[in-house]
Amino acid sequence: MAKLFGIFCASGLTQQHDFIVNKLKSQKSKSSDAQYNDIQEHTIYMATLDYKTFGPSAFLQTDSHIASLVGHPLLSADRNTDLNTLNKNYTNATLKECEGVFCMARFNKHTPLLDLATDALGIRPFYYMHYEGAFIFSTQYSLLKELGVPLSSNHEGMMEYATLGYYLFEHTHYNEISCINPGTRVEVSSSGITKTQYFDWCSLTKNNHSYDKILEGLKQDLSNNVDKYLANDQHVLTTLSGGLDSRLIACLLKKRNLKISALNFSQHKTQDLYCATLFAQDQKIDLDVIKVNDTQAKTIEDRLGKHWLNGAHSDYEKVTRSRLAWSGNGGSVGLGVIYYSDKVYEAALSQDVERLADAYLSQQFAYIPKSIIHNAEKMQTKLKTNIVLSLKEFGDIPLEKAYYLFLLLNDQHHHLAIPFDKVDDYQMDFCLPFYSWKVLRHVLCQPISNVRKHRFYHDFLRYAFPEALNTPWQAYPGHIPCTLPTEGIDQWQIKRPKQFNSTAVYSLFNRLISSQHKKLVNIPSFSAVALLHSSGIKTYNDKLKVIENILKW
């Protein structure tokens, strides 16, 4: 894992920018294990802090350019080779060929001109802001927030995050900080900022191949993707749950005769544990089960970072790249096409974007609580308007496919934002085979009726990896069920521990009172909610979660 950041002013950095440069330079002290690369010239300071999770840091300087990247473009198996390729041929066509998860910065010393780029899905967020004529950029949101530059609350962004769990457009919690859209190049010069969408997702919806060719193409593209991520690894780390996504990753790795260390984070007597254990036994995969009380309290990435990184695990030194883990993140939306209920599908087929937005908000329970949020009704209307505008960005393709793209480029766009932002805590990175346009094109080119509810996913597994279906798996409610007998309760039936105990509520209230975001909240009403919840008289987890998300950043 790494972070990339800097400040650029076409007319030259001045003394008023010094405190920004010094704060950026202070990142060097974050870890003695990381490799710090930086360049300072008249118009720019650019740096990376790289924990070398993929291998050597990707940072280069030539007579004419400075270039760096975080993540892996997957043009080849070597990131530094990819960086050289992109630096020498920095075009839309070359960027489009990148199928990995990455961010890149490239500076032309002679122009001077700064170019930034996100991957096609924007899975690694890339943020920017302006200050005193300078352009500040960072792959770590919290770094910009902590610079000391005055920030004002963006109510639209906060409400999107509070109800949906992600932002729309370039929104963040602050008006001054923006997030670059997926598949976008940002060019900064003395002429200002130019944004170019280099990747056209809509074009992938119009291919027409035979079903057998689609299945074989997906198998080949996933395999190529895995091979490039693997490089020369002989022993790998992966997560293994009771679902299909991590199971498919394990199958791909098993085909290569690798040694696999798998970790499972489950509650006792659950389907997740039962299914993962049976599959690991069937495939002869070493599975380490870490029992947890609440699987929903933390992300798998968070648990993995805290459990694995202490180095105490017996396999830590055996794994070829011990800070690199394989993840099935993105498979459920990408191949399984979840978050696509019957009501949402019917609304999409009507080609009525307003109806679809309403159906989506209902499906996600994305409603701003009027009792504790000022102007909630007005902001709810704005939230729906922004969803409608987001869906309309996909032009004239059928609305049912536009909705699928909406999920890929919004819900998934910020799915790993927090793990990537906690780079200094995690010091780990992830191989993410599902987040590839070459993989996802095989779903996009088919009618949505063929791919919803794991239909295509199951066809693909039967075609390419039938061993994945030899033992029971945990299926999503309403999707194609598991045909084999299972034991234990599924994750959707587990009664969660109380999400917000009295201590958590007290902490949340104190944070709110000291936050600039408190102007958005009806403090007397929220005080009553906090008191009733803490005393056990009523349960208000949903309203407390909204406040927690408002205070996330």
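Residues numbered from 1 in each chain as written. Predicted model: local features only at pLDDT ≥ 70, side-chain atom pairs only at ≥ 80, totals over all residues. Heavy atoms only, no water.

Another aspect to go through is the overall build of the chain. Counting its regular elements, the chain contains 22 helices and 17 strands. Here the C-alpha radius of gyration of the chain, 23 Å, is about what a compact globule of 553 residues would show, namely 24 Å. Summarising its shape, the C-alpha atoms of the chain cover approximately 70 × 60 × 55 Å along the three principal directions. Counting only residues that meet the buried cut, the chain has 59% of its 553 residues in that class. Considering only contacts in the chain between residues 6 or more positions apart, those separated by 24 or more positions represent 68%. With the model as given, the accessible surface of the chain reaches about 22200 Å², and the carbon-plus-sulfur share is 48%. Each charge class in the chain was averaged separately, 58 positive and 55 negative side chains, and the resulting centres sit 4 Å apart. (Helix = DSSP H or I, 4+ residues; strand = E, 2+ residues; numbered from the N terminus. Rg over C-alpha atoms; globule rule 2.2 N^0.38 Å. Buried < 20%, exposed > 50% of the residue type's maximum accessible area, 1.4 Å probe, protein only. Contact = heavy atoms within 4.5 Å. Areas by Shrake-Rupley, 256 points an atom, 1.4 Å probe, with all protein chains shown as cover. Lys, Arg positive; Asp, Glu negative; His and termini not counted. Charge placed at Lys NZ, Arg CZ, Asp CG, Glu CD.)

The strands that make up a sheet are held in pairs by hydrogen bonds between backbone atoms, and each pair lies either parallel or antiparallel. The strand order β4-β5-β6-β7-β11-β12 describes an open sheet built from 6 strands, whose pairing is antiparallel. Edge positions in the sheet fall to β4 (59–61) and β12 (192–197), since each has one partner strand and no second. Taking the axes of each pair of neighbouring strands and ignoring which way they run, one obtains an average angle of 10° across the sheet. As defined by bridge partners, strand β11 (residues 184–189) adjoins β12 across 6 bridges and the pair is classed as antiparallel. Paired with R185 across the strands is T196, a residue of β12. Packing of helix α2 (residues 79–88) onto the sheet brings it into contact with β4, β5 (65–71) and β6 (102–108), and relative to β5 it is tilted by some 135°. (Pairing = 2+ DSSP bridges. Axes fitted to C-alpha atoms, helices over the stretch in contact; angles between N-to-C directions.)

Taking strand neighbours across the sheet as the criterion, the 6 strands line up as β2-β3-β1-β9-β8-β10 in an open arrangement whose pairing is antiparallel. The open sheet has two free edges, formed respectively by β2 (35–40) and β10 (178–179), since each of these has just one partner strand. The strands that helix α1 (residues 18–25) touches are β1 (2–8), β2, β3 (44–50), β8 (127–131) and β9 (134–138); relative to β1, the one it contacts most, it runs at about 165°.

Next up on the list: the packing of aromatic side chains. Under the criterion given, the structure shown has 22 aromatic pairs. For the ring pair F19 and Y131, a centre distance of 5.6 Å and an interplane angle of 85° mean the geometry is edge-to-face. Here F19 is found in helix α1, whereas its partner Y131 is found in strand β8, with 112 residues between them in sequence. When the ring of F509 is compared with that of F526, the centres are 6.2 Å apart and the planes differ by 10°; the resulting orientation is stacked. Of this pair, F509 sits in helix α20 (residues 502–513) while F526 is found in helix α21 (residues 523–535), placing the two residues 17 residues apart along the sequence. A relative accessible area of 23% means that F509 is categorised as partly exposed. Connected via pairs of aromatic rings, a cluster forms that spans Y340, Y345, Y360, Y403 and F406. Directly above the aromatic system of F199 lies the positively charged group of K96, at a separation of 5.9 Å from the ring centroid. (Phe/Tyr/Trp six-rings, centres within 6.5 Å; stacked < 30°, edge-to-face > 60°. Lys NZ or Arg CZ within 6 Å of the ring centre and 35° of its normal.)

Before going further, it helps to spend a moment on the environment of Y127. Inspection of the secondary structure puts Y127 in strand β8. On the basis of relative accessibility, which here comes to 2%, the residue Y127 falls in the buried class. Residues contacting Y127, with those up to four places away along its chain left out, are I136, F137, S138, T139, Q140, Y141, L144, T172, I177, S178, C179 and A417.

Secondary-structure assignment places H313 in the loop between α9 (300–308) and β16 (324–326). Here the side chain of H313 touches D315 through a polar contact of 3.0 Å, landing on its backbone nitrogen. Excluding residues that lie within four positions of it along the chain, H313 makes contacts with L263, D288, H307 and W308. (Polar contact = N/O pair within 3.5 Å; in protein donor to acceptor, adjacent residues only side chain to side chain.)

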